[in-house]
Amino acid sequence: MVNTEKFIAKAIEEIKTAAGNEKVVMALSGGVDSSVCAALAARAIGDNLIPIYIDTGLMRKGETDRIRTIFGNIRLQIIDAGDEFLDSLKGITDPEAKRKAIGERFIRVFEREAKKVGAKCLLQGTIYPDIIESQGGIKSHHNVGGMPVDIEFTKVIEPIRDLYKDEVRDVAGALGLPKEIQHRMPFPGPGLAVRVLGEVTREKVAVIREANWIVEDELVEKYHPWQCFAALIGLGTGVKGDNRIHGWIVAVRAVHSRDAMTADPIDIPFEHLVKIGSRITADIPSVARVVYDITAKPPATIEYE
Ligand code: XMP
């Protein structure tokens, strides 16, 4: 465990030295990693920090409004790029190709916005597990392996690259960030795209966004999971009213973990699981079936792709 005060002082120095007098852009998602980076950079370089929130169209329900409320007092730019991301994902079914397409699009949108403000320097909230998992060839995290090589930024600053998630949360506390941010569940950079098996479409994203919201509403406060979410894993037959339908199969995943390297499924009472299944199928007519994922990591990963 790092000494948080020492870490904060060192990180601020590192950002100051790397940025000099240049403007620095960063992707602020509102998760704990990017929020900690923003707070560090704001202390280090003040108004030279330009945080940008990119709405990829793959975010959770209500996320953009939440960001607007929480960070409304800083000079935050909100970019609606949902259509661009869906275009980039058209026809792509391979999980790695999806991650790369999202990573590439993310950087391109960034480059475009950075150019508008004259920034050549990028700040990223990459943390240690992102780096080892990308190096180990497990998958490319959209902010590491997915980075296009012809990136136009002259400098990339990653002040929390040596920290595990629980250490980032400690630093968030020491920086005085709101508890809601400090304890927020991780959400993957590629967003809901890794919770939709196969090709990502507007319809599938809408379904999984709603299901995800129900799962969080049912489980977050009760179990304080490392993560809980819904994933769209296929199509199956169901009966709704008098009709047999071909509907979506939604998987519910809820895990405890220390650092995402390993994870255990949460022992949710059966009645509660049945209630969640009923709520999802009742609220989302195109869902025919709900299953609960009982696999640990390893052998499964936390996300579905
Ligand atoms: P897995 O699915 O590999 O996930 O067990 C481990 C943790 O990392 C998150 N995750 C990501 N985070 N970019 C991110 O920023 C990504 O591409 C990505 N993929 C997975 C995941 O939500 C879990 O917390």
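In short, a report on the structure. Every chain begins its residue count from 1, and numbering advances along the sequence as written. It should be noted that, the model being predicted, local features are given only for residues of pLDDT at least 70 and side-chain atom pairs only at 80 or more, the latter also being counted only at that level, while totals for whole chains, interfaces and linings use all residues. Where side-chain values are given, they derive from all heavy atoms of the structure, hydrogens and water being excluded.

## With respect to the packing of helix α4 (residues 82–89) against helix α5 (residues 95–117)
What counts, and what does not: A fitted line through C-alpha atoms serves as each axis, taken over the contacting stretch for helices, and the angle formed by two N-to-C directions is quoted from 0 to 180°. Elements are defined by DSSP. Helices are runs of H or I of four residues or more, strands are runs of E of two residues or more, and each kind is numbered from the N terminus. The handedness criterion is simple: a crossing whose near helix is rotated anticlockwise from the far helix by less than a right angle is left-handed, and one whose near helix is rotated clockwise is right-handed. Any pair of residues with heavy atoms lying within 4.5 Å of one another is described as a contacting pair. Residues are grouped as follows: nonpolar covers Ala, Val, Leu, Ile, Met, Phe, Trp, Tyr, Cys and Pro; charged covers Asp, Glu, Lys and Arg; every other residue, Gly included, is treated as polar.
Interhelical geometry of α4 versus α5 gives an angle of 145° and a closest axis separation of 9 Å. The crossing of α4 and α5 is right-handed. When α4 is examined against α5, the residues Glu84, Phe85, Ser88 and Leu89 are found in contact with a partner set consisting of Lys98, Ala101, Ile102, Arg105, Phe106, Val109 and Arg112. A breakdown of the residues in the contact of α4 with α5 according to their chemical character gives 6 nonpolar, 1 polar and 4 charged.

## Re the pairing of strand β6 (residues 227–240)
This is how the line gets drawn: The pairing criterion is simple: DSSP has to find at least two bridges between the two strands.
By the bridge criterion, 13 bridges tie β6 to strand β7 (residues 243–256) in an arrangement that is antiparallel. Across the sheet, residue glutamine 227 finds its bridge partner in β7, namely valine 255. Connecting β6 to the next strand, β7, in antiparallel fashion are 2 residues, including glycine 241 with a positive phi near 65°.

## Structural notes on the sheet that holds strand β1 (residues 24–27)
Strand order in the open sheet formed by 5 strands is β3-β2-β1-β4-β5, with parallel pairing between adjacent strands. Each of the sheet's edge strands pairs with one partner strand only, and the pair in question is β3 (77–80) and β5 (155–157). The average angle at which neighbouring strand axes cross in this sheet is 30°, direction not considered. Alignment of β1 against strand β2 (residues 49–55), held across 4 bridges, turns out to be parallel. Looking at the pairing, alanine 27 lines up with isoleucine 52 of β2.

## Structural notes on the packing of aromatic side chains
Here is the rule: Here is the rule: rings of Phe, Tyr and Trp (six-membered ring for Trp) pair when centre to centre is within 6.5 Å. Planes less than 30 degrees apart are stacked, more than 60 are edge-to-face, and the remainder are tilted. Partly exposed describes any residue whose relative accessible area lies between the buried limit of under 20% and the exposed limit of over 50%, with all areas from a 1.4 Å probe on protein chains only and scaled to the type maximum. Placement of a charge over a ring requires the Lys NZ or Arg CZ to be within 6 Å of the ring centre, with the centre-to-atom vector within 35 degrees of the ring normal.
Inspection of the entire model under this criterion finds 4 aromatic pairs. Look at tyrosine 128 and tyrosine 164: their rings are 5.4 Å apart centre to centre, the planes differ by 75°, and that puts the pair in the edge-to-face class. Within this pair, whereas tyrosine 128 is found in helix α6 (residues 128–135), its partner tyrosine 164 is found in the loop between β5 and α7 (165–174), the two being separated by 36 residues in sequence. Ring geometry for phenylalanine 229 against tyrosine 304: centres 6.5 Å apart, planes inclined by 90°, an arrangement best described as edge-to-face. Note that phenylalanine 229 is positioned in strand β6 and tyrosine 304 in the segment after β9 (287–292), a separation of 75 residues in sequence. Classification of phenylalanine 229 as buried rests on a relative accessible area of 0%. Owing to a relative accessible area of 24%, tyrosine 304 belongs among the partly exposed residues under this scheme. Members of the aromatic cluster, connected to one another through ring pairs, are Phe85, Phe106 and Phe110. Looking at arginine 169, its charged tip hangs above the ring of tryptophan 226, at a distance of 5.8 Å from the centre. Cation over ring: arginine 195 sits above phenylalanine 229, and NZ or CZ is 4.0 Å from the ring centre.

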